[in-house]
Amino acid sequence: RIVDTGTIEADQTINYTLRIWIDYDATTEEASGKTFKGKLRIEAKQSAGDDLATTIIENLTGGSTYDNGTDTFITGEDPNNYIWYSGKLWRAVSVNNEAKTTKLVTQWNISAISYNSSNQTNYAGSYMESWLNDTSVDGFLGNLRDPDKFIVTDAEWNATLDATELGSIERPNGAPVNHAVGLLNVYEYQSSNNGDINGYLNNGLCWWTLTSYNTSDIRIVDNNGNISTAYSYRRRGVRPSINLKSTVKIVDGNGTETDPYRLEGDNDIDISGTLLNTRYSGEYIRFGTGENNLYRIVSHETEGLTKITSAEPLKDSGNFRTTFFGDNINFSSTNTIGTFLNGEYLTNYVGADFNNMIEDNTTWYLGTVGDNVSYKLAKYTDANGMVVTSNVTQAKVGLLRIGELMAGQFNRTGSVATYWTLTPYNASYLYEVDYLGNVGYHGPSNIRNGIRPSLNIKQNVIITSGDGTLQNPFVITLQ
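Not measured: the values here are computed from a predicted model.

Participant: Quick question: what am I supposed to make of the overall build of the chain here?
Facilitator: On a plain count of helices and strands, the chain comes out with eight helices and 32 strands. Since a compact globule built from 479 residues should have a radius of gyration of about 23 Å, the 24 Å found for the chain is in line with a globular shape. Principal-axis analysis of the C-alpha atoms gives the chain an extent of 90 × 60 × 45 Å. Out of the 479 residues belonging to the chain, those deemed buried represent 54%. For the chain, long-range pairs separated by at least 24 residues make up 63% of all intrachain contacts whose partners lie at least 6 apart in sequence. A total of about 21400 Å² of accessible surface is found on the chain, and carbon and sulfur atoms cover 43% of it.

See the structure below:
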């Protein structure tokens, strides 16, 4: 029996009540103390959205295009080419003229690691290639939503060496590396604003490109938008790049920063009652009290739990709170920063209602990452990432480590603070993510840095409202 037919509009909810009648002639023995069940089956389909590649190019405002015969690049200082996908804000960079795939890059630095070891500028086999395409819980690709559905998994990434001055760089034609995730090369950066440094890809931070400058240096974009260089073992910001398939559709948004394009299959309208541990790295959450109540999902490092971190370092009355790390490089619940995080922070910044949602005991990995070694040593005994380091501590609240997702810098339109990580550089110094998105190090008692708490949310926490974007963060509660 068909109960109802029709169309459900975006953001519309229709409630149905299912009633079950017991036959009038049923005896007490037949009907009493029994459980009766019934079902409503809903058959639905979503209308096809707008073609991604065509819509982005045709609906540009505040930008234009440059066609090199192979790809059509979006140019300008701030075109409406913003896309929200898998918990992250992206910019559409170009559309392939033949395949109609769309290249994206994250708006902000998602993390910061070294490109490779000293005098190793090859992308193939590099630390960078590994981090970007790691499908485990620790890697970037492993935390994207349904990559086989959205992403070209064998895309070409051209890392040909080029020392040409910005504005004169030609399209690279060397042998590409095929992977799902890569970085932009300097030719693509140049093409985004006709060789100018004030285009939309200049996000005010320092970040790696895919292009080597010589046998020891990789080309980077600096905080002013200029092309500079850095030794391959240095640690700079990472802005991953992907290619969306031609079959991906736009179903909402106008491409602006506050209303980015939303993609079919990633645009969840009503997820009330959904477990938080089913959601994606980068999505925003309301957590805690006052001005420090915005957090982001990091990963699901511990099965069933959701690791989160504050969206920016903690503030007091609009100013970043800073602290010494401690007397030595070893984090614990009783060192200087650990005492604050597991005491005053829980009381004054989180509050009792949210405190109950936090897993009481989390393992924090304290592996040392020196020069010319993989970022994986922050958690594992070697670069294969198979055996977890024995250098750990237990605490309710901790910090992010080097190479972890969300250990970058975001939103350069406001003030930004350098903040501590958990990871030692050696026996005397500890890593920090600086205000430009680079990684440096200081003695734990030599400087005061900002604090970005990290913690695990219990597995029975559910979402009551929101869609996980910056404009509409998830609101959560204990189930």
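Participant: In this structure, what is going on with the environment of Pro424? I would like to understand it.
Facilitator: Note that Pro424 resides in strand β26 (residues 419–424). Classification of Pro424 as buried rests on a relative accessible area of 2%.

Participant: For this particular structure, what's the right way to read unusual backbone geometry?
Facilitator: We note that Ser86 has phi near 55°; this positive angle belongs to a residue other than glycine. Position of Ser86 among the secondary structure elements: in the loop between β4 (82–85) and β5 (88–96). Of the residues examined, Ser86 reaches a relative accessible area of 1% and is grouped as buried. The phi dihedral of Asn194 is positive, around 55°, even though this residue is not glycine. Taking relative accessible area as the criterion, Asn194 reaches 61% and is therefore assigned exposed.

Participant: Could you clarify how one ought to interpret the sheet that holds strand β30 (residues 454–457) in this entry?
Facilitator: Strand pairs in the sheet, formed through backbone hydrogen bonds, run parallel or antiparallel to each other. Strand order in the open sheet formed by seven strands is β25-β30-β19-β18-β17-β32-β31, with mixed pairing between adjacent strands. Bordering the open sheet on either side are β25 (397–398) and β31 (461–465), each of which pairs with just one other strand. The pairing of strand β17 (residues 284–286) with strand β32 (residues 474–478) spans two bridges and is classified as parallel. Bridged to Ile285 within β32 is Phe474.

Participant: When you look at a nonpolar patch on the surface in this model, what are you seeing that I'm missing?
Facilitator: A surface patch of nonpolar side chains, amounting to about 830 Å² of accessible area, comprises Val3, Ile8, Ile14, Tyr16, Leu18, Ile20, Ile22, Phe36 and Leu40. Topologically, Ile14 is positioned in the segment before α1 (28–31). Judged by relative accessible area, which is 33%, Ile14 ranks as partly exposed.

Participant: What is the right way to read a negative patch on the surface from this model?
Facilitator: A cluster of acidic residues, Asp23, Asp25, Glu29 and Glu30, forms a negative patch at the surface. Secondary-structure assignment places Asp25 in the segment before α1.

Participant: I'm lost on the pairing of strand β10 (residues 207–212) in this one. Help?
Facilitator: Along any regular strand the residues' side chains alternate between the sheet's two faces. Counting buried residues along β10, six of its six residues qualify, which places the element largely inside the surrounding structure. Pairing analysis gives three bridges linking β10 to strand β11 (residues 217–221), with the strands arranged antiparallel. Looking across to β11, one finds that Ser212 is bridged to Ile218.

Participant: What exactly am I supposed to notice about the environment of Ser390 here?
Facilitator: With respect to the element layout, Ser390 can be found in the loop between β23 (362–365) and β24 (392–395). With 11 residues separating them in the primary sequence, Ser390 and Lys379 have C-alpha atoms 8.9 Å apart.

Participant: What exactly am I supposed to notice about the side chain of Thr106 here?
Facilitator: Here Thr106 shows up in strand β6 (residues 102–106). Separated by 2.9 Å, the side chain of Thr106 and the backbone oxygen of Trp108 make a polar contact. If near-sequence neighbours (up to four positions away) are discounted, Thr106 is found in contact with Leu89, Trp90, Arg239 and Pro240.

Participant: Sorry if this is basic, but what is going on with the environment of Gly255 here?
Facilitator: Following the sequence through the fold, Gly255 ends up in the loop between β15 (249–252) and β16 (261–263). Along the chain, Gly255 and Leu294 lie 39 residues apart, while their C-alpha atoms are 23 Å from each other. Apart from the residues lying within four places of it in its own chain, the contact partners of Gly255 are Asn80, Asn81, Tyr82, Pro260 and Tyr261.

Conventions adopted
Counting restarts for each chain, with residues numbered from 1 along the sequence as it is written. Whole-chain, interface and lining totals are the exception, using all residues; otherwise, since this is a predicted model, local features are given only for residues with pLDDT of at least 70 and side-chain atom pairs are given and counted only at 80 or more. Side-chain numbers come from the whole structure's heavy atoms, not from hydrogens or water. Helix and strand assignments come from DSSP, with helices taken as H or I runs of at least 4 residues and strands as E runs of at least 2, each series counted from the N terminus. Just to be clear, the radius of gyration here is over C-alpha atoms, and the globule rule we use is 2.2 Å times residues to the power 0.38. Only protein chains enter the area calculation, which uses a 1.4 Å probe; residues under 20% of their type maximum are buried, those over 50% are exposed, and those in between are partly exposed. Throughout, a residue-residue contact means that at least one pair of heavy atoms, one from each residue, lies within 4.5 Å. Each accessible area is a Shrake-Rupley result for a 1.4 Å probe, and residues are judged covered by the shown protein chains and nothing else. Only strands joined by at least two bridges in the DSSP assignment are considered to pair. A patch is a set of surface residues, each over 30% in relative accessible area and not in a salt bridge, joined within 9 Å for like charges and within 5 Å for the nonpolar side chains Val, Leu, Ile, Met, Phe, Trp and Tyr. When a carboxyl oxygen of Asp or Glu lies within 4 Å of a side-chain nitrogen of Lys or Arg, that pair is called a salt bridge. Only four residue types enter the charge count: Lys and Arg as positive, Asp and Glu as negative, with His and the chain ends excluded. One atom stands in for each charge, and that atom is NZ of Lys, CZ of Arg, CG of Asp or CD of Glu. In protein, a polar contact means a hydrogen-donor-capable atom and an acceptor-capable atom, both N or O and within 3.5 Å, with residues adjacent in sequence counting only if both atoms are side-chain atoms; elsewhere, any N or O pair within 3.5 Å suffices.

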